[in-house]
Amino acid sequence: MADQIPLYPVRSSAAAAHRKRAAYYSAAGPGSGAEWPSRYQLEDESAHLDEMPLMMSEEGFENDESDYHTLPRARTARRRRGLERFVCGGWKLLCTSCCDWLVNICQRKRELKARTVWLGCPEKCEEKHPRNSIKNQKYNIFTFIPGVLYEQFKFFLNLYFLVVSCSQFVPALKIGYLYTYWAPLGFVLAVTIMREAIDEFRRFQRDKEVNSQLYSKLTVRGKVQVKSSDIQVGDLIIVEKNQRIPSDMVFLRTSEKAGSCFIRTDQLDGETDWKLKVAVSCTQRLPALGDLFSISAYVYAQKPQLDIHSFEGTFTREDSDPPIHESLSIENTLWANTIVASGTVIGVVIYTGKETRSVMNTSNPKNKVGLLDLELNQLTKALFVALVALSVVMVTLQGFVGPWYRSLFRFLLLFSYIIPISLRVNLDMGKAAYGWMIMKDESIPGTVVRTSTIPEELGRLVYLLTDKTGTLTQNEMVFKRLHLGTVSYGADTMDEIQGHLRNPCPQMQSQAGGNNASSTPPRKAQSSAPKVRKSVSSRVHEAVKAIALCHNVSPVYESRAGVGGEAEYAEADQDFSDGNRTYQAASPDEVALVQWTESVGLTLVSRDLGSVQLRTPSGQIQTYCILQMFPFTSESKRMGVIVRDESTAEITFYMKGADVAMSSIVQYNDWLEEECGNMAREGLRTLVVAKRALTEEQYQDFESRYSQAKLSIHDRALKVAAVVESLERQMELLCLTGVEDRLQADVRPTLELLRNAGIKIWMLTGDKLETATCIAKSSHLVSRTQDIHIFRPVTNRGEAHLELNAFRRKHDCALVISGDSLEVCLKYYEHELAELACQCPAVVCCRCSPTQKARIAKLLQHHTGKRTCAVGDGGNDVSMIQAADCGIGIEGKEGRQASLAADFSVTQFRHIGRLLMVHGRSSYKRSAALGQFVMHRGLIISTMQAVFSSVFYFASVPLYQGFLMVGYATIYTMFPVFSLVLDQDVKPETAMLYPELYKDLTKGRSLSFKTFLVWVLISIYQGGILMYGALLLFESEFVHVLAISFTALILTELLMVALTIRTWHWLMAVAEVLSLGCYVASLAFLNEYFDVAFITTVTFVWKVSAITMVSCLPLYVLKYLKRKLSPPSYTKLTS
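Residues numbered from 1 in each chain as written. Predicted model: local features only at pLDDT ≥ 70, side-chain atom pairs only at ≥ 80, totals over all residues. Heavy atoms only, no water.

**What to know about the overall build of the protein**
1) Next: When helices and strands are tallied, the protein shows 40 helices and 33 strands.
2) Next: Counting all 1135 residues of the protein, 51% fall into the buried class.
3) Next: A separation threshold of at least 6 residues defines the contact pool for the protein, and within that pool the share at least 24 residues apart is 73%.
4) Next: Summed over all atoms, the accessible surface of the protein reaches about 52,100 Å², with 58% contributed by carbon and sulfur. (Helix = DSSP H or I, 4+ residues; strand = E, 2+ residues; numbered from the N terminus. Buried < 20%, exposed > 50% of the residue type's maximum accessible area, 1.4 Å probe, protein only. Contact = heavy atoms within 4.5 Å. Areas by Shrake-Rupley, 256 points an atom, 1.4 Å probe, with all protein chains shown as cover.)

**Here's the deal with the packing of aromatic side chains**
The way to describe two aromatic rings as a pair is by their centre distance and the angle between their planes.
1) Next: Tallying each qualifying case throughout the model produces 24 aromatic pairs.
2) Next: With a centroid separation of 6.0 Å and 80° between ring planes, the pair formed by phenylalanine 311 and tryptophan 335 is classed as edge-to-face. Remark: tryptophan 335 occurs in the loop between strand E11 (333-334) and strand E12 (339-340) and phenylalanine 311 occurs in the loop between strand E8 (297-301) and strand E9 (313-317); sequence separation between them is 24 residues. By the burial criterion, phenylalanine 311 is buried, and tryptophan 335 matches it.
3) Next: Centroid distance phenylalanine 1094 to phenylalanine 1100: 5.7 Å. Interplanar angle 75°. Geometry classified as edge-to-face. Assigned by exposure class, phenylalanine 1094 and phenylalanine 1100 land together as buried.
4) Next: Within the aromatic cluster, the residues linked to one another by ring pairs are Phe630, Phe653, Tyr699, Phe702 and Tyr706.
5) Next: Here lysine 124 stacks its cationic end above the ring of tryptophan 118, 4.2 Å away from the centre of that ring. (Phe/Tyr/Trp six-rings, centres within 6.5 Å; stacked < 30°, edge-to-face > 60°. Lys NZ or Arg CZ within 6 Å of the ring centre and 35° of its normal.)

**What to know about helix H7 (residues 144-153)**
1) Next: Within the span of H7, buried status applies to Phe144, Gly147, Val148, Glu151, Gln152 and Phe153.
2) Next: The secondary structure elements touched by the buried residues of H7 are helix H8 (156-167), helix H9 (179-211) and helix H15 (422-440).

**Some remarks on the nonpolar core**
1) Next: Among the nonpolar cores identified, the biggest contains 95 residues, and Ile888, Phe904, Leu915 and Leu916 are the most heavily contacted of them.
2) Next: Sort the elements by how many residues they give to this core and helix H31 (residues 911-951) lands first, with 12 residues.
3) Next: With residues up to four places along the chain from it excluded, the contact list for phenylalanine 904 reads Ile438, Val448, Val449, Thr451, Ile454, Pro455, Leu458, Cys886, Gly887, Ile888, Gly889 and Leu915.
4) Next: With 42 residues, the next largest nonpolar core counts Val600, Leu614, Val643 and Val739 among its residues. (Core = buried A, V, L, I, M, F, W, Y, C linked by side-chain atoms within 4.5 Å.)

**Notes on unusual backbone geometry**
1) Next: Look at the link from aspartate 321 to proline 322: it is a cis peptide, with omega at -5°.
2) Next: With respect to the helices and strands, proline 322 occurs in the loop between E9 and strand E10 (324-328).
3) Next: In this structure, aspartate 746 takes a positive phi of about 60° despite not being glycine.
4) Next: Mapped onto the elements, aspartate 746 comes out in the loop between strand E26 (732-743) and helix H24 (747-756).

**Structural notes on a positive patch on the surface**
1) Next: A cluster of basic residues, Arg1005, Lys1010, Lys1122 and Arg1123, forms a positive patch at the surface.
2) Next: A relative accessible area of 54% means that arginine 1005 is categorised as exposed. (Patch = residues over 30% accessible without salt bridge, like charges linked within 9 Å, V, L, I, M, F, W, Y side chains within 5 Å. Salt bridge = Lys/Arg side-chain N within 4 Å of Asp/Glu carboxyl O. Lys, Arg positive; Asp, Glu negative; His and termini not counted. Charge placed at Lys NZ, Arg CZ, Asp CG, Glu CD.)

**A look at a nonpolar patch on the surface**
1) Next: A cluster of nonpolar side chains, namely Leu1055, Met1109, Leu1113, Tyr1116, Val1117, Tyr1120, Leu1121 and Leu1125, defines an oily patch on the protein surface of about 800 Å² accessible area.
2) Next: Element by element, the count of residues in the nonpolar patch is highest for helix H39 (residues 1098-1125), at seven residues.
3) Next: Within the fold, valine 1117 resides in helix H39.
4) Next: Taking relative accessible area as the criterion, valine 1117 reaches 43% and is therefore assigned partly exposed.

Here's what the structure looks like:
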């Protein structure tokens, strides 16, 4: 019912959904069953949800209290005043309609539809499908120059420079030389265009390399080679081992005898485990490869979707009698960008190009702009307003004489130095310097800066979104604990298990007592007492056998040198050499369990779709026939297998799963819950293992019901689950296992450092909920004392409403939510979810698709306005990395895709701490100081120009011309000002030791309107002193005013740099001396501006010294007093 509720009240009822949801909540647990039905009876009218605020209590929900009349914002927003609504709404509608029409004309987006694909017949496709080419380029040959120029001139600063520079082509407005305006602007544009061109060419080369890969295409005439970009829907493509799958395909045949193969999906979902894929049985049974063209068959595939974990389709062979129909699921698919790990596969292409799962889950890269650049853009707008105001004042005081508009333009150009053109040049050079420093830091070797425009972002982060597998963890599982109820085995007592297994499994209780007496501690002696109680030895045998059988692991034997590919997988009687065997499975937990059983003596030597072979410590081979397999799903949280022992014909149902799922299935016990809690506190991933013996009659009955359920068209999943659940009753609890996922080096201290720095950490993973929660605890992302709220699965609006209410009542607890529930909440309650989640100390999102990861990054940016950072190491993290304000890629086992797409690339997670605390801090602080100082340099000379013009009857005549202006912004002051990129307020060791210092950076106090205003006041004071002082002290000739004021100006700038510096570097001193030397040396060549005879007199020296002293000394005194009376927080740490 509630899943169809619009945002406005609609009177309707949906009884079916009502019953379904009531049934769902009736299983909520003890004590809650009685409450849910009454709650849903009150919800028969859908309007009830809309007239209810999300904040209301559960009692209000149940009692239908009349106090709550608050309406959602969506409805309140519609209450607009009549005229305002008509004007604003009409104008907005007109603009939107025009934009939509233009977009539709330029970029006609096809509607995605389900399709029927005939095997090997692309020409039979009813519709045209996209080309199978990969395109990561931002521009093409026609849009490159316009696109790059647009990206540059969309910033007010650059647009302003362009207008000012173009104005110099008008003779009436010309002030000085053209090169003084065009040279800096041309330099900035040339550097930007070259950088973009190099990046674009690299992207083009990478795309060309992928699109040119050759594949074998099966045709009626045999095999032909075809480029990846020329593959079409309906083609039969052969993919060899270790080759990339070029497009989304349905798996038809394999060279493997078992009819299945493994694929690596690390670039799709981020998980390094191999996934088992099964060929369509109808085509796998065909005698030869060419027979695929002798049959008339087609695949019906659902429309292209984002979800990489699901697929629905059917395979139909028409030319058999009766026609063969097979249902297709995710296990019959081969998604593009995955790698074939075993054998050779043949598939029919169903989706190409933009419609493949991998491309649909990849977002287009955006041009990232740092917060500091946006803040400076705002300040330049404020400066422009000041510039216009000052020019208008000058023209007004002039009395609007003559062509006043020309005077206004000339004043605008005279004061244009208020917004210095060198600002972008200095900042871009500074960013390049920060990048060089990061890459040269020996403490974080291997770090690469790929986006040099945003190093300051590293100092402003509030949210850190991190992947789990390969980022926080090494994805290496180690078996740590086996618990049998009365006895627990750890790493140091595994030899006892080996001892039990070396003894033959006791068939009789009396024998068991004898076998056990010597090898077990005295406290276990009771185990041989009553006949219901089994001996420890027999329980160990059963537990280890269950672990060795209940899994989806396949042993893989690599081909020896000199052995052809055909013989790679040998017959069952092959010599299974242990050194040549590797295990592959859909989960590293599974591999860890099977490797452990091998280490204690029970080895998995062979497995196919129908049988499993184990080797005992004595070398005997035991064969088991696999009757049924129930794979793990996120809903069931368990997996099972029914096997028949070939030697005894006994049928056993083995099952293992999460404790939450298994506790209600196994027989009553008093230790499981407590031990699961103990292992979880140690950071171990727990699995409960159980079994049930079946008679032949019980199995045959189950098998008939199971087959019937699998063929049903409607509610197939529910019916299958119901049949399987009929077996899951009163199962015998065998053991509890504990597996550790090793964390990356120094993950815990790094996460603690980031938390202390005020950064909120969210973990977004494609892994299971239990695994994600476990890693969150073991990595201390969630502290041990902290509560965890696991967001229950929700499928519609009503359930989301209830669950958000339940979550709102929790305080200071971490949130764990699955991707499906997140999708529902974002659809109906995006603002509320964001508000609640942002208050949590930590958030874990599991089963996240790549697109959802990117959506969460955008959600945080949109709702909080804070800066986000995304950290990942796999192809599935690329969208999140590109969506975040700052992306960090880790070069790991999952390839370099994330690292290449990121703004910064590191080799280990622990390097992020130093990257943010030290380099993020330095980059932001230095750029803030540099930006404000360059503005000060422009403001001071504009103030002097204003004073000069006002004294000389508001004439629009430049004070300094030609080389003086160019020299002032370059060789005379450039080196000392740029040396501010070497300044640091605290030492790197202190920044790492006290991460709390980072919190101040996120408030943006180093560059704000307050600090900017201080610099404006300093500039006005100094500019006024310099100009008025020179005018007061000049005797007869105007040229003396120029000489005195300009020299005092240069000295003032050099002294102000010295005043701004917090920690001196030897290069800073060199820059000061060098600049002063350059100025003194150039005085000999400035005859056209200065009187050389005058500047060598004592009068000149004392006048310049006096003016400089008056302009700088008060500021030095104020700085000293401020340091003494109100020192910054970091000085307390360094003293």
